[in-house]
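If you want the building blocks of each chain, they are given just below.
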Amino acid sequence: MKRRTFVMSAAGAAAGMMIAPRMSFAAKGTIDWYTGSDTNVLDFWANTVKPAFEAANAGIKLNLVDAGDNAGIIAIAERAIAAKQTGTDPQADYFEHSDPLLPAGAIEAGIYVNMAKAGLSNYARVNPLAIQSDYSLPYRGSQVLLAYDKTKLKPADVPKNWADLVAWIKANPGQFVYNRPDKGGSGGNFVRRAIHEANGRDPNAFTVSNYTQQFGDEALGKAWKLLADIAPSLYDKGAYSSGNTQSVQLLSQGVVTMIPVWSDQVLQAIDQGVLPAETGLVQLQDLALCGNFSRAVVLDNGANRDAALKLADFILSEEMQGAILTELGGFPGVSWGHISPELREKFADIIPQSIPTFPGGKWEAAINDGWYRNVAPSIDRKS
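Remember, it's a predicted structure, so these values are computed and weren't measured experimentally.

> Provide a residue-level description of the overall build of the chain, including the pertinent values.
When helices and strands are counted, the chain shows 13 helices and eight strands. A compact globule built from 383 residues should have a C-alpha radius of gyration of about 21 Å, and the chain, at 22 Å, falls within 12% of that. Structurally, the chain occupies a C-alpha span of about 65 × 45 × 35 Å along its principal axes. When the 383 residues of the chain are sorted by exposure, 56% land in the buried category. Contacts in the chain between residues at least 24 apart in sequence constitute 78% of all its contacts with a sequence separation of at least 6. Entry remark: accessible area of the chain is about 16,300 Å², with carbon and sulfur atoms responsible for 51%.

> Break down helix α2 (residues 39-56) for me, citing the residues and quoting the values.
The end-to-end C-alpha separation of α2 is 25 Å, in line with the 26 Å expected for 18 residues at 1.5 Å each. Along α2, the sharpest kink reaches roughly 40°, centred on V49 and followed within four residues by the proline P51. Buried residues of α2: N40, V41, L42, D43, F44, W45, A46, T48, V49, A52, F53 and E54, and no others.

> An account of the environment of N304 is needed here, citing residue identities and associated values.
Structurally, the position occupied by N304 is in the loop between β7 (291-298) and α10 (305-314). For the pair N304 and G29, spaced 275 residues apart in the sequence, the C-alpha separation amounts to 6.4 Å. When near neighbours in sequence (up to four residues on either side) are disregarded, N304 contacts A27, K28, G29, T30 and D93. Here the side chain of N304 touches T30 through a polar contact of 2.9 Å, landing on its backbone oxygen.

> Explain the nonpolar core to me, using residue names and the numbers behind them.
Within the largest apolar cluster, 58 residues are counted, with the highest numbers of intra-cluster contacts made by I31, W45, Y94, M115, L137, L311 and I315. Dropping the residues within four chain positions of it, I31 is found in contact with F53, I60, K61, L62, N63, D93, Y94, A307, A308 and L311. Formed by 42 residues, the second largest nonpolar core is a distinct cluster that contains V144, L146, M258 and I367.

> Describe the environment of H338, with residues and values.
With respect to the helices and strands, H338 occurs in the loop between β8 (331-332) and α12 (341-346). Considered as a pair, H338 and N210 are 128 residues apart in the sequence and their alpha carbons are 36 Å apart. With near-sequence residues (within four places) excluded, H338 lies in contact with A124, R125 and E318.

> For the packing of aromatic side chains, give the residues involved together with the corresponding values.
For the structure shown, the criterion picks out 19 aromatic pairs. Where Y178 meets Y240, the ring centres are 5.1 Å apart and the plane angle is 70°; that geometry is what we call edge-to-face. Here the residue Y178 occupies a position in the loop between α5 (162-171) and α6 (185-198), and Y240 occupies one in the loop between α7 (213-230) and α8 (244-252), the gap between them amounting to 62 residues. In terms of burial, Y178 and Y240 fall into one category: buried.

> I'd like a description of the side chain of Q143, backed by residues and values.
Its place among the elements puts Q143 in strand β4 (residues 137-149). At a separation of 3.3 Å, a polar atom in the side chain of Q143 contacts the main-chain carbonyl oxygen of S354.

> Go over unusual backbone geometry, please, and point to the residues and values.
With omega at -10°, the peptide bond leading from L102 into P103 counts as cis. Mapped onto the elements, P103 comes out in the loop between β3 (94-95) and α4 (106-109). Here Q91, not a glycine, exhibits a phi torsion of approximately 60°, which is positive. Using a relative accessible area of 22% as the deciding quantity, one classes Q91 as partly exposed. Not every positive phi belongs to a glycine, and R201 is a case in point at roughly 50°. Classification of R201 by relative accessible area gives partly exposed; the value is 40%.

> Mind laying out the confidence of the model for the chain, listing which residues take part and the relevant values?
For the chain, mean pLDDT is 91; residues scoring 70 or higher make up 93% of the total. In the predicted structure, residues 1-24 sits below a pLDDT of 50 and forms 47 contacts with residues beyond four places in sequence or in another chain.

> For the pairing of β4, give the residues involved together with the corresponding values.
Counting buried positions along β4 gives 13 out of 13 residues, so the element sits mostly inside the fold. Of the pairings in the sheet, the one linking β4 to β7 comprises six bridges and is antiparallel in character. Within β7, the residue paired with S142 across the bridge is N292. Of the strand pairs in this sheet, β4 and β8 are connected by two bridges, and their pairing is antiparallel. Residue pairing in the sheet places R140 in a bridge with P332 of β8. As judged from the five bridges shared by β4 and strand β5 (residues 258-262), these two strands associate in the antiparallel manner. The residue bridging L146 from the neighbouring strand is P260, located in β5. In the sheet, β4 pairs with strand β6 (residues 279-282) via four bridges, with the strands oriented antiparallel. Opposite D149, over in β6, you have T279 as the bridge partner.

What counts and how
- Numbering of residues starts from 1 in each chain and follows the order in which that chain's sequence is written.
- Residues qualify for local features only when their pLDDT is at least 70, as the model is predicted, and side-chain atom pairs are given and counted only at 80 or more; totals for whole chains, interfaces and linings, by contrast, use all residues.
- Each side-chain value is worked out from all heavy atoms of the structure, with water and hydrogens disregarded.
- Secondary structure is summarised from DSSP: a helix means a run of H or I of at least four residues, a strand means a run of E of at least two, and numbering begins at the N terminus for each.
- Computation of the radius of gyration draws on C-alpha atoms, with the globule rule given as 2.2 Å multiplied by the number of residues to the power 0.38.
- Exposure categories follow from relative accessible area, calculated using a 1.4 Å probe and restricted to protein chains: below 20% of the type maximum is buried, above 50% is exposed, and the middle band is partly exposed.
- Residue contacts are counted whenever heavy atoms from the two residues lie within 4.5 Å of one another.
- Only the protein chains shown count as covering a residue, and every accessible area follows the Shrake-Rupley method with a 1.4 Å probe.
- How far a helix is expected to stretch is found by multiplying one less than its residue total by 1.5 Å.
- One axis is fitted to the seven residues ending at the residue and one to the seven starting there. The bend at that residue is the angle between these axes.
- Polar contacts, as counted here, are pairs of nitrogen or oxygen atoms within 3.5 Å of one another; within protein the pair requires one atom able to donate a hydrogen and one able to accept it, and residues that are adjacent in sequence qualify only if both atoms are side-chain atoms.
- Throughout this description, the term nonpolar core refers to a set of buried Ala, Val, Leu, Ile, Met, Phe, Trp, Tyr and Cys residues connected via side-chain atoms within 4.5 Å.
- Working definition: rings of Phe, Tyr and Trp (its six-membered ring) pair if their centres are within 6.5 Å, and the pair is stacked with planes under 30 degrees apart, edge-to-face with planes over 60 apart, and tilted otherwise.
- As a per-residue measure, pLDDT reflects the predictor's confidence and takes values from 0 up to 100.
- Should DSSP find at least two bridges between two strands, the strands are taken to pair.

This is the structure in structure tokens:
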């Protein structure tokens, strides 16, 4: 599913000019940090994390470098593997978001630190639901929520499970919309929540390797019936928005009362006044909508490995995890019990009881194709 993009603030734009893509040359006490994430993440690190970390760690500097995208991160990791073999400096210490399984053989080559054994004082804070590998550090997340207009729908009446949500949609025709599943992750994950609902609410039933035509037709077919059933009750008697942003616009204009939306996008929209302060947020409690985490890695053969581990520990602190919520609009990578009581109370309705995921690969193509054929056959996929 597509990444979400954001407009940089003036401060972020200035920071961006200082961290334009370039080759980084290792200097003692300067952490060479790379990201392939969106500009809002770069902005957050430049304006929030970097000054706080440097103030707390005299003599250590943070050099922020935009790798462009995930392919750029993988290319630097390949350079680190070559450097490991020759005993030279990879000129990289920290990847803000990376899969330790990439490039293939990276863990076996010994270029990534085992974070579970690195002695981080804050590692025990990490949300166990977010841990995917000992060689990566989940520090921020994003999950699809339901956003609603509190002037039209009282918080006490908001549906908090799938059955109640369906009942509310049917009782309030025209007031709910989601985007086409191939046009943005908020609608795509609403569709995936229907798939989970139709198949015993068991996310583990779906893996990258278990897709077959027969299983796909059977499992997805059940979900198409659920989604086709609510279609006449959606906005404009079965219309779908063109993406995450248009869904937010429809809610902000008062055209609809409720939408599925990415947590980071909606929190930023509220903070920036795109959505009013009266916007409510809720997560389904029987099984949450899908989400995932961004996971950092530290290069074991980086010249500033120990300093990079201090940074990894720092980003798990209560101060930085709170800032991820309030300034970045993300979810914490630590368990919610390690977030300040004030923020826990403020975000009580969106604390998930689960963080389900859904595999890509052949499943993604089958979902997109099947949705158009079975749920919205009148919509031109190319429009």
